[in-house]
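Structure at a glance
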Amino acid sequence: QVQLVESGGGAVQAGGSLRLSCATSRTTFSFAAAMGWHRQAPGKQRESVAIITRGEDTDYADSVKGRFTISRDNAKNTVYLQMNNLKPEDSGVYYCAASSPLNTRFIYWGQGTQVTVSS
């Protein structure tokens, strides 16, 4: 009954850009204290990339600061991740997630979208 649908992944050259989208229901978007993007590269643990709270506060992994921007459109129940100046180490499966209403622990997850950055 909770659905998050990612889109916008693909293959780009280093230095290129992609914009990921995550669409969900009005109910899910409204109750979550935060929405976030996480990624998992082969052989690595899943890591938080960017978070945006209901109050529009944002937090980024050090590796993407200055290159990625997370935003939300409350009218569309959608969260975005604008990724600029992509690097090969950004490659992986990107997952959208919604947190608990009480904190930023993420409890609902999308199925992921692949991002591949070539040298």
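Okay, so let's go over this structure.

Definitions and cut-offs
- Residues numbered from 1 in each chain as written.
- Predicted model: local features only at pLDDT ≥ 70, side-chain atom pairs only at ≥ 80, totals over all residues.
- Heavy atoms only, no water.
- Phe/Tyr/Trp six-rings, centres within 6.5 Å; stacked < 30°, edge-to-face > 60°.
- Helix = DSSP H or I, 4+ residues; strand = E, 2+ residues; numbered from the N terminus.
- Buried < 20%, exposed > 50% of the residue type's maximum accessible area, 1.4 Å probe, protein only.
- Pairing = 2+ DSSP bridges.
- Axes fitted to C-alpha atoms, helices over the stretch in contact; angles between N-to-C directions.
- Disulfide = S-S within 2.5 Å.

Quick word on the packing of aromatic side chains
Applying the stated criterion across every chain yields a total of two aromatic pairs. Residues Phe31 and Tyr108 carry aromatic rings whose centres are separated by 5.7 Å and whose planes lie at 85° to one another, so their mutual orientation is edge-to-face. Of this pair, Phe31 sits in helix α1 (residues 26-31) while Tyr108 sits in strand β10 (residues 106-109), and the two are 77 residues apart along the sequence. Of the residues examined, Phe31 reaches a relative accessible area of 23% and is grouped as partly exposed.

A few points about unusual backbone geometry
Although it is not a glycine, Glu56 sits at a positive phi angle of roughly 75°. Residue position: Glu56 is located in the loop between β5 (47-53) and β6 (58-60). Within the chain, Asn85 stands out as a residue other than glycine whose phi angle is a positive 50°. Relative to the assigned elements, Asn85 resides in the loop between β8 (78-83) and β9 (92-99). On the accessibility criterion, Asn85 (43% relative accessible area) is partly exposed.

So, the sheet that holds β8
Taken in spatial order, the four strands make up an open sheet running β1-β3-β8-β7, and their pairing is antiparallel. On the outer flanks of this sheet lie β1 (4-7) and β7 (68-73), each paired with one strand and no other. Neighbour to neighbour, the strand axes of the sheet diverge by 15° on average, direction disregarded. Summarising the sheet, strand β3 (residues 18-24) and β8 pair through six bridges and their orientation is antiparallel. Following the sheet pairing, Ala23 is matched in β8 by Thr78.

Observations concerning the state of the cysteines
Tallied over the entire structure, the rule returns one disulfide. Each sulfur in the disulfide pair Cys22 and Cys96 lies 2.0 Å from the other. Here the disulfide of Cys22 and Cys96 is left-handed, its torsion about the S-S bond being about -80°. Taken together, the residues Cys22 in strand β3 and Cys96 in strand β9 connect sequence positions 74 residues apart.

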